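If you want the building blocks of each chain, they are given just below.
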Amino acid sequence: MPDLKHLNLMANTIRQDVVEMLVEAGSGHTAGPLGMADVFTALYFDVLNHNPRKPMWKDRDYVLLSNGHICPVLYASLARSGYFAKRELMTLRKLGSRLQGHPHRGSLPGIESTSGPLGSGISQAVGMAIALKMDKKKNRVFVLTSDGEHDEGNTWEAILLAPKHKLNNLVALMDRNHIQIDGKTEDVLGLEPLKKKYESFNWECEVVNGHDIKAIIKACNKKSKKPRMILCETVPGKGVKFMEKKYEWHGKPPSPEEGKKALKLLEKARAKL
Amino acid sequence: MTDMLPTRDGFGKGLVKAGQKNKNVVALSADLSESTRTHWFQAKFPKRFFEIGVAEQNLVTVAAGMAHIGKIPFTTSYATFQPGRCVEQIRTTIAYNNQPVKIVGCHAGISVGPDGATHQALEDLAWMRTMPNMNVFVPADANEAEKITLASVKLGPCYIRLGREKTPVFTEKRGAFEVGKAHVLKAGNDVTIIGCGPQVFEAMQAAKSLEKKNIKARVINLPTIKPIDKKTLVKAAKDTGVVVTIEEHQTLGGMGSAVAEVLSEHYPVPILRMGIQDCFGESGTPDELLTKFGLRAIDVEKAVHKAIVLRGGGSQHTDVRDGLGKVHQDLAFKFSSGHRVRSIPEMVGALERVPHEVFSHHVNQEKNDIKQWVQEAYGDETLAHLLTVHTTKEEMTEILKMRVEYLERKAGW
């Protein structure tokens, strides 16, 4: 049984890291990383079979971040689980840093693939899952995707292909936060009904509260004969009241003042955990 | 009689051999397994063959994922679709990610034929050779395609460009492919002809014909566009002073551009780039199209003549400024009509005006007064020689015009 209090505290820590990193960087995306802190905590501190001291361990579960722009939450999760030193987080987006503006394989331990341009994460995960099955290996592949990148044709090409190979070693988690750069997802290009769409494409699909760590863990570990999509209903900017559900916070960092305010709110929330 | 095989056949055979040698080799098709000859691999290794469907973006990104787990994927489709449709996916998930995926672009070039411009990839080399980490190959024939396929297994990201039509098989079947090496197929010091793909054969045909006219062309097969063989190219430029390139690709951004980039930085010489001149193809038989778009041996010959004019007279012609100036009136050319000419630019003007009967009085089976005059008045042996090859009024005018352009440019330097 996971220690939920510990995990919730970790999610709070990661949110604070994200705010500090973005203030220091002076650019980057805020709403997405805050919204996904609970999902990343569930993965890196419970679900995953991984060894931060041996990032290339052959039996590890693979994690792909398809919507690369929310990488601050990935970097914070990697640092907090021990892939590299926490102090390195403050180099985000700086010249010479291993923490590139969008994740780059080969730069930083724990990054399985380069990402940023949307729509090609699920297909890479499909490729990995096929190859692992060929080799009769037990590793699982987790791919994190956004709702906005379901506008991309490449995403749907991958969704079509996965059931053909019965990829029950593949778990996709969508950051269903209902926003993208130009506005609400349903206004920009309607995606619903997403669950029905996935099911009709022969995936197993369930909706979870993306801030309920226990529910996320349970959903991730379910066994199935099919590839699985977990639609994580999240609040963009979660934990920082003045950012929550505001798509204006999709692609900008907090100013130092806003950062202080955000950290104060997060500290307050922490005290209640 | 030369054997005729499409380069895609060489790839298909090479892929099966690669599969036998290395169990990690897998092949992916986007609903074109027969056209791309991947079906031979499929027949042999059904469990290592993946039908992705008509989805090229998925094709290359799934391959990138497979490569991350240790597979060596060959992705296949027509070059207009792959790399065409998925350039960004290739850039990010294969090139930047540095995954050893081999992207095989079939049906490249104008010789695809009746399918028309939508299916004739003429830009693929430009797309692929600008990507860091990417190796780029254009086999000259089926033998070379087979060797390149086998050699690519051990490399990082690769692009292999293939043709649809049967073309002459003329390179060595034995031996391994040397990545990054240009091959001098024929020695010569008058001009260099560099080709890639089946056009290398046209270049060889042209060189043989030029030999009879006493022009010794060096012919280079350049199957590795990237990494490019600077040494061989620079040596050829130094030895011959002028270069002609030929490829079934846009002259913008293709092999000729790659050669021009190298030579302009290391040893600038005039370069004539043959290929598709900033336009789309069209339907027609491969033969008709290659002729229409000027990619035949005869076109290479013409380009070589132009190139020699561009280069200037070399050692035979010490002061090129002379050609523009007027010669002494004793050396003036006297047309039978009474008109006198005292310089090459004047000769161009005169030739455009003189009637055919006057011209043929001076240039005919028995004599060639104009060539004689160029030799005596200017001592320009190169130009004189070209005027023995090109003997119609129109041809002579064109050659002399080009000489004037060259001299003017030279004088302006």
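Quantities reported herein were computed from a predicted structural model and do not represent experimental measurements. (Residues numbered from 1 in each chain as written. Chains lettered and ligands numbered in written order. Predicted model: local features only at pLDDT ≥ 70, side-chain atom pairs only at ≥ 80, totals over all residues. Heavy atoms only, no water.)

**Quick notes on the pattern of salt bridges**
All names here are of chain B.
Here comes step 1: Taken as a whole and assessed by the stated rule, the structure comprises 31 salt bridges over all chains.
Here comes step 2: One salt bridge connects Asp287 with Arg296, and the closest N-O pair in it is separated by 2.7 Å.
Here comes step 3: On the accessibility criterion, Arg296 (18% relative accessible area) is buried. (Salt bridge = Lys/Arg side-chain N within 4 Å of Asp/Glu carboxyl O. Buried < 20%, exposed > 50% of the residue type's maximum accessible area, 1.4 Å probe, protein only.)

**Looking at the interface of chain A and chain B**
Here comes step 1: With 26 residues of chain A in contact, the opposing surface of chain B contributes 26 residues.
Here comes step 2: Contact with chain B buries area across many residues of chain A, yet Arg105(A), Met134(A) and Glu157(A) alone supply 24% of it, more than any other trio.
Here comes step 3: Applying the counting criterion to the chain A and chain B interface returns 1 salt bridge.
Here comes step 4: Across the salt bridge formed by Lys71(B) and Asp135(A), the nearest N and O atoms sit 2.5 Å from each other.
Here comes step 5: Put simply, chain A and chain B have 11 residue pairs in polar contact (both at pLDDT 80 or more) between them.
Here comes step 6: If you list the elements that add at least two residues to the side of chain A that touches chain B, you get α5 (121-134) and α6 (153-164) of chain A.
Here comes step 7: Examining the composition of the side of chain A that touches chain B, we find that 9 residues originate from one element, α5(A), more than from any other.
Here comes step 8: Class assignment for the residues of the side of chain A that touches chain B results in 10 nonpolar, 10 polar and 6 charged. (Contact = heavy atoms within 4.5 Å. Buried area = accessible area lost by both parts, 1.4 Å probe. Polar contact = N/O pair within 3.5 Å; in protein donor to acceptor, adjacent residues only side chain to side chain. Helix = DSSP H or I, 4+ residues; strand = E, 2+ residues; numbered from the N terminus. Nonpolar A, V, L, I, M, F, W, Y, C, P; charged D, E, K, R; others polar.)

**A short note on the pairing of strand β7 (residues 158-161) of chain B**
Residue and element names in this part refer to chain B.
Here comes step 1: Across the two faces of β7 the burial is the same, with Cys158 and Ile160 and Tyr159 and Arg161 all buried.
Here comes step 2: With 4 bridges joining them, strand β5 (residues 102-106) and β7 adopt parallel strand pairing. Across the sheet, Val104 pairs through a bridge with Ile160, a residue of β7.
Here comes step 3: Pairing of strand β6 (residues 135-137) with β7 involves 3 bridges; the strand directions are parallel. When the bridges of β7 are listed, Val136 appears paired with Tyr159.
Here comes step 4: Traced from β6 through helix α6 (residues 142-152) to β7, the parallel crossover comes out right-handed. (Pairing = 2+ DSSP bridges. Right-handed = clockwise from strand over helix to strand, strands pointing away.)

**Regarding the nonpolar core**
Here comes step 1: In this structure, Val126(A) and Leu170(A) are the most contacted members of the largest nonpolar core, which totals 74 residues.
Here comes step 2: The element that contributes the greatest number of residues to this core is α5(A), accounting for 8 residues.
Here comes step 3: Lining this core are residues from two domains, each supplying at least three of them: domain 1 (4-168) and domain 2 (183-311) of chain B.
Here comes step 4: In this structure Leu170(A) touches Ala125(A), Val126(A), Ala129(A), Val141(A), Val143(A), Ala162(A), Trp203(A), Pro227(A) and Arg228(A), once residues within four positions along its chain are discounted. (Core = buried A, V, L, I, M, F, W, Y, C linked by side-chain atoms within 4.5 Å. Domains from an automatic or database assignment.)

**Describing the environment of Arg91(B)**
All names here are of chain B.
Here comes step 1: Secondary-structure assignment places Arg91 in helix α4 (residues 87-96).
Here comes step 2: Along the chain, Arg91 and Met134 lie 43 residues apart, while their C-alpha atoms are 9.1 Å from each other.
Here comes step 3: Once residues within four sequence positions are removed from consideration, Arg91 is found in contact with Tyr96 and Met131.

**A few points about the side chain of His250(A)**
Here comes step 1: Of note, His250(A) is situated in the loop between β7 (228-233) and α10 (256-272).
Here comes step 2: His250(A) sits in the buried class, given a relative accessible area of 13%.

**So, the domain arrangement of chain B**
For an interface, size is often stated in terms of accessible area lost upon the parts coming together.
Here comes step 1: By domain assignment, chain B separates into domain 1 (4-168), domain 2 (183-311) and domain 3 (317-412).
Here comes step 2: In this structure, domain 1 of chain B and domain 3 of chain B have C-alpha centres spaced 52 Å apart.

**Concerning the sheet that holds strand β3 (residues 49-51) of chain B**
Residues and elements named next belong to chain B.
Here comes step 1: In spatial order, the strands read β3-β2-β4-β5-β7-β6-β12; together these 7 strands make up an open sheet with mixed pairing. The sheet terminates laterally at β3 and β12 (224-226), the two strands that pair on one side only. With direction set aside, neighbouring strand axes in the sheet form an average angle of 20 degrees.
Here comes step 2: In the packing of helix α1 (residues 7-21) onto the sheet, contacts are made with β2 (25-29), β4 (72-78) and β5, and the angle to β2 comes to roughly 140 degrees. (Axes fitted to C-alpha atoms, helices over the stretch in contact; angles between N-to-C directions.)

**Description of helix α12 (residues 344-353) of chain B**
Here comes step 1: Buried residues of α12(B): Ile344(B), Met347(B), Val348(B), Gly349(B), Ala350(B) and Leu351(B), and no others.
Here comes step 2: Among the residues of α12(B), the N-terminal cap falls to Ser343(B), whose side-chain oxygen and the backbone nitrogen of Glu346(B) are separated by 3.2 Å.

**Details of the side chain of Thr224(B)**
Residues and elements named next belong to chain B.
Here comes step 1: As for its placement among the helices and strands, Thr224 is situated in strand β12.
Here comes step 2: Within the structure, Thr224 has its side chain in polar contact with the backbone nitrogen of Gly180 (distance 3.0 Å).
Here comes step 3: Leave out the neighbours within four places in its chain, and Thr224 touches Val136, Phe137, Phe177, Glu178, Val179, Gly180 and Lys181.

**Re the packing of aromatic side chains**
Here comes step 1: The final tally for this structure, using the stated rule, is 14 aromatic pairs over all chains.
Here comes step 2: Seen from their ring centres, Phe242(A) and Trp249(A) are 6.1 Å apart, and the 70 degrees between their planes marks the pair as edge-to-face.
Here comes step 3: With a centroid separation of 5.8 Å and an interplanar angle of 25 degrees, the aromatic rings of Tyr78(B) and Phe81(B) are classed as stacked.
Here comes step 4: Using a relative accessible area of 9% as the deciding quantity, one classes Tyr78(B) as buried.
Here comes step 5: Clustering of aromatic rings is evident, with ring pairs tying together Trp156(A), Tyr198(A), Phe201(A) and Trp203(A).
Here comes step 6: We note Lys261(A) situated over the ring of Phe242(A); from NZ or CZ to the ring centre the distance is 4.6 Å.
Here comes step 7: One cation-aromatic arrangement involves Arg48(B) over Phe45(B); the distance from NZ or CZ to the ring centre is 4.3 Å. (Phe/Tyr/Trp six-rings, centres within 6.5 Å; stacked < 30°, edge-to-face > 60°. Lys NZ or Arg CZ within 6 Å of the ring centre and 35° of its normal.)

**Quick notes on the sheet that holds strand β1 (residues 62-65) of chain A**
Backbone hydrogen bonds are what pair the strands of a sheet, in a parallel or an antiparallel way.
Residue and element names in this part refer to chain A.
Here comes step 1: One open sheet holds the 5 strands; their spatial order is β1-β2-β3-β7-β6, and the pairing between them is parallel. This sheet does not close on itself; its edge strands, each paired only once, are β1 and β6 (204-209). When strand polarity is set aside, the average angle formed by the axes of neighbouring strands in this sheet is 20 degrees.
Here comes step 2: Of the pairings in the sheet, the one linking strand β3 (residues 170-176) to β7 comprises 6 bridges and is parallel in character. Considered in β7, the bridge of Asp175 is made with Cys232.

**Quick notes on the packing of α12(B) against helix α14 (residues 369-378) of chain B**
Residue and element names in this part refer to chain B.
Here comes step 1: Where α12 meets α14, the axes come as close as 12 Å, and the angle between the chain directions of the two elements is 165 degrees. Classed by the angle they form, the pair α12 and α14 counts as roughly antiparallel. With respect to the hand of their crossing, α12 and α14 are arranged in right-handed fashion. Mapping the contact onto sequence places Ile344, Met347 and Leu351 in α12 and Ile370, Trp373 and Tyr378 in α14.
Here comes step 2: The class makeup of the residues in the contact of α12 with α14 is 6 nonpolar, no polar and no charged. (Parallel < 35°, antiparallel > 145°, perpendicular 65-115°, else oblique. Left-handed = near helix turned anticlockwise from the far one by under 90°.)

**Examining the packing of α6(A) against helix α3 (residues 56-68) of chain B**
Here comes step 1: Axis separation between α6(A) and α3(B) bottoms out at 9 Å; the angle between their running directions is 70 degrees. Comparing the axis directions of α6(A) and α3(B) gives the class roughly perpendicular. Handedness of the crossing formed by α6(A) with α3(B): right-handed. For the pair formed by α6(A) and α3(B), the contact residues are Asn154(A), Glu157(A), Ala158(A) and Leu161(A) on the first element and Glu56(B), Gln57(B), Asn58(B), Thr61(B) and Val62(B) on the second.

**Some remarks on the environment of Glu202(B)**
Residue and element names in this part refer to chain B.
Here comes step 1: Relative to the assigned elements, Glu202 resides in helix α7 (residues 199-212).
Here comes step 2: Between the alpha carbons of Glu202 and Leu295 there is a distance of 7.8 Å; along the sequence they are 93 residues apart.
Here comes step 3: Excluding residues that lie within four positions of it along the chain, Glu202 makes contacts with Leu295, Arg296 and Ala297.

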